[in-house]
Structure formats: C-alpha cells, structure tokens
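The chain contents come next:
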Amino acid sequence: RPVFYETYPAERARRGITFKSITRDSPVAREFVKNNRRYLRESKFITAGDLRTEFTIYGDKVALFSLRRRPPFAVLIEDHDVAETLRVVWQELWERLGPAVG
C-alpha cells in the first residue's frame, strides 16, 4: 500500500479540503471508507474491473496518478476545457450511483 494513502488524506483533511471519491467496490475499499468522516471524504462504489490509476479534478487542473508503479508518477494537465469536460463526466457518474457510503 503506497505511503500516499497513509499521508495525503490526513493532510488534506487537516487543511479542511473535502473530497468525493468513486472507487471500485472491494474489501479494501470497504475498509478505506470507514475513515471517511475523519478525512472529510464521501465515497461511492462502482462494480468495475481493476482501476489501475486515479485522477483528481481541482480548479482548472486534472492530475492523473499511477501509484502502483515504482516509482509512482503523476501527470498534471492544466487546461480549463479538459478539467470542465472531465468534471461533467465525473459528476454525471456520481449522480447516477447510489448514496454515499462510509
């Protein structure tokens, strides 16, 4: 399990930054969401194949993360139109899923 998951959520919550997460339903994810309230996070599950990367949309930026690779890496795209398009797609999925868990 990457160090990212052990440090980032606590630091983000300490700064008062809320977070919404769509993740594949799995035993690991079910454990992960037990800390949602503490980490200012809402989560929803999807049934899907293995999600091998993560992405975060914030402001006019989209960060794509590959945390399984050694070393892990990220790609940052700073473009208003790309961020807005992915935000619309993400929000549509969020609204179609059931209630938040955790």
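Each remark here, short or long, concerns the structure printed above.
Residues numbered from 1 in each chain as written. Predicted model: local features only at pLDDT ≥ 70, side-chain atom pairs only at ≥ 80, totals over all residues. Heavy atoms only, no water.

Enquirer: Explain a negative patch on the surface residue by residue, including any values.
Expert: Together, D60, E78, D79 and D81 give the surface a local cluster of negative charge. Of note, D79 is situated in the loop between β5 (73–78) and α3 (80–96). D79 sits in the partly exposed class, given a relative accessible area of 32%. (Patch = residues over 30% accessible without salt bridge, like charges linked within 9 Å, V, L, I, M, F, W, Y side chains within 5 Å. Areas by Shrake-Rupley, 256 points an atom, 1.4 Å probe, with all protein chains shown as cover. Salt bridge = Lys/Arg side-chain N within 4 Å of Asp/Glu carboxyl O. Lys, Arg positive; Asp, Glu negative; His and termini not counted. Charge placed at Lys NZ, Arg CZ, Asp CG, Glu CD. Helix = DSSP H or I, 4+ residues; strand = E, 2+ residues; numbered from the N terminus. Buried < 20%, exposed > 50% of the residue type's maximum accessible area, 1.4 Å probe, protein only.)

Enquirer: Could you give me a rundown of the pattern of salt bridges, with the residues and numbers involved?
Expert: Inspection of the entire model under this criterion finds nine salt bridges. A salt bridge links R15 to E11; the shortest N-O distance between them is 2.6 Å. Note that R24 and D50 form a salt bridge whose closest N and O atoms lie 4.0 Å from each other. Here R24, found in strand β1 (residues 19–24), pairs with D50, found in the loop between β2 (41–46) and β3 (54–58); they are 26 residues apart in sequence, far enough to count as distant. Taking relative accessible area as the criterion, R24 reaches 28% and is therefore assigned partly exposed. On the basis of relative accessible area, D50 is assigned to the partly exposed category, the value being 39%.

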